[in-house]
Amino acid sequence: MMLLSAIVFITLALVFYTTAVWRERRTGILRGRHVLLFWLGFACDTTGTTLMGKIAGGPFRFDLHGITGLLAILLMLLHALWGTKVHAGKRLEPKKNFHKFSVVVWAIWLIPYVSGLVIGMGSRG
């Protein structure tokens, strides 16, 4: 049951984060709903990662998946915090350019997501 919960949370993180990043890019401006989806993605990823760590018997491993996973969570937190600050500000220019940072964070986040899929499939077969 814990594995299923972890998979659901990680998948929700993918859905929330991908939706936010690409809708923000398509609309051309950072909106409150994008920031909310960033926070939801971060919360789901953190929850799913914590559950996966419990299943694996420890929270962190010094390998590609562990290092990029930690980097991704830290970047997601920074991204959500910065997005919150930019959205709350009055200047339009940062809201129009925020998507450039969003796409980079999303792409980095995909590395541990995909490596986790590969690791998970390898341990099942």
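To be clear, the structure that these remarks concern was listed above.
What counts and how
For every chain, the first residue of the written sequence is number 1, and numbering continues from 1 along that sequence. In keeping with the predicted nature of the model, local features appear solely for residues at pLDDT of at least 70, side-chain atom pairs appear and are counted solely at 80 or more, and the whole-chain, interface and lining totals rest on all residues. The basis for the side-chain values is all heavy atoms of the structure; hydrogens and waters are excluded. Grouping into patches uses exposed residues only, defined as over 30% relative accessible area, and leaves out salt-bridged ones; the cut-off is 9 Å for like charges and 5 Å for nonpolar side chains (Val, Leu, Ile, Met, Phe, Trp, Tyr). Calculation of accessible area relied on Shrake-Rupley with a 1.4 Å probe; when residues are assessed, cover is drawn exclusively from the protein chains displayed. Take a side-chain nitrogen of Lys or Arg and a carboxyl oxygen of Asp or Glu: if they are within 4 Å of each other, that pair is a salt bridge. For the purpose of counting charges, residues Lys and Arg are taken to be positive, whereas Asp and Glu are taken to be negative. His and the chain ends are not included. The location of each charge is read from NZ of Lys, CZ of Arg, CG of Asp or CD of Glu. Helix and strand assignments follow DSSP, with helices taken as H or I runs no shorter than four residues and strands as E runs no shorter than two, numbered in order from the N terminus. Relative accessible area decides the class of each residue, using a 1.4 Å probe on protein chains only: under 20% of the type maximum gives buried, over 50% gives exposed, and in between gives partly exposed. Note on method: axes are straight lines fitted to C-alpha atoms, helices fitted across the in-contact stretch only, with angles between N-to-C directions ranging 0 to 180 degrees. Orientation labels follow simple angle bins: below 35 degrees gives roughly parallel, above 145 gives roughly antiparallel, 65 to 115 gives roughly perpendicular, and whatever is left gives oblique. Crossings are assigned a handedness: left-handed for a near helix turned anticlockwise from the far helix by less than a right angle, right-handed for a clockwise turn. For this analysis, residues touch if any pair of their heavy atoms sits within 4.5 Å. Gly counts as polar in this scheme, as do all residues outside two lists: the nonpolar Ala, Val, Leu, Ile, Met, Phe, Trp, Tyr, Cys and Pro, and the charged Asp, Glu, Lys and Arg. To form a nonpolar core, buried Ala, Val, Leu, Ile, Met, Phe, Trp, Tyr and Cys residues must be joined to one another through side-chain atoms within 4.5 Å. Stacked, edge-to-face and tilted labels apply to pairs of Phe, Tyr and Trp rings (six-membered ring for Trp) whose centres lie within 6.5 Å, assigned for plane angles under 30 degrees, over 60, and everything in between, in that order.

Colleague: Give a description of a positive patch on the surface that names residues and reports values.
Modeller: A grouping of Arg23, Arg26, Arg31 and Arg33 is seen on the molecular surface, where their side chains present a positively charged patch. Here Arg26 lies in helix α1 (residues 2-27). Looking at Arg26, the relative accessible area reads 66%, which means it is exposed.

Colleague: Could you give an account of the packing of helix α2 (residues 32-56) against helix α3 (residues 64-88), with specific residues and numbers?
Modeller: With their axes 9 Å apart at the nearest point, α2 and α3 run at an angle of 160° to one another. In this view, α2 runs roughly antiparallel relative to α3, as classed from their interaxial angle. Classified by chirality, the crossing of α3 by α2 is left-handed. Along the contact surface, α2 presents Gly32, Val35, Phe38, Trp39, Gly41, Phe42, Asp45, Thr46 and Thr49, while α3 presents Ile73, Met76, Leu77, His79, Ala80, Leu81, Gly83, Thr84 and His87. A class-by-class count of the residues in the contact of α2 with α3 yields nine nonpolar, eight polar and one charged.

Colleague: Residue-level account of the packing of α1 against α2, with values.
Modeller: Helix-helix packing is described using two parameters, namely the angle between the two axes and the distance between the axes. Between α1 and α2, whose axes approach to 7 Å, the crossing angle comes to 155°. Accordingly, the angle class assigned to the pair α1 and α2 is roughly antiparallel. Crossing hand, α1 versus α2: left-handed. Its residues placed into classes, the contact of α1 with α2 shows 19 nonpolar, eight polar and four charged.

Colleague: Talk me through the nonpolar core; I want residue IDs and the actual numbers.
Modeller: Residues Tyr17, Leu30, Phe38, Met76 and Trp109 are the most contacted members of the largest nonpolar core, which totals 22 residues. Mapped by element, the contributors of at least two residues to this core are α1, α2, α3 and α4 (92-124). Ranked by residue count, the leading element in this core is α3, at six residues. When residues no more than four places from it in sequence are discounted, the contact partners of Phe38 are Tyr17, Ala20, Val21, Glu24, Leu30, His79, Ala80, Phe98 and Ser102.

Colleague: Could you give an account of the packing of aromatic side chains, with specific residues and numbers?
Modeller: In total, this model carries nine aromatic pairs according to the counting rule given. When the ring of Tyr17 is compared with that of Phe38, the centres are 5.6 Å apart and the planes differ by 55°; the resulting orientation is tilted. Highlighted residues: Tyr17 in helix α1 and Phe38 in helix α2, separated in sequence by 21 residues. Here Tyr17 matches Phe38 in class, with each residue buried. Phe38 sits in the buried class, given a relative accessible area of 0%. Every member of this aromatic cluster is reached through a ring pair, and the members are Tyr17, Phe38, Trp82, Phe98, Phe101, Trp109 and Tyr113.

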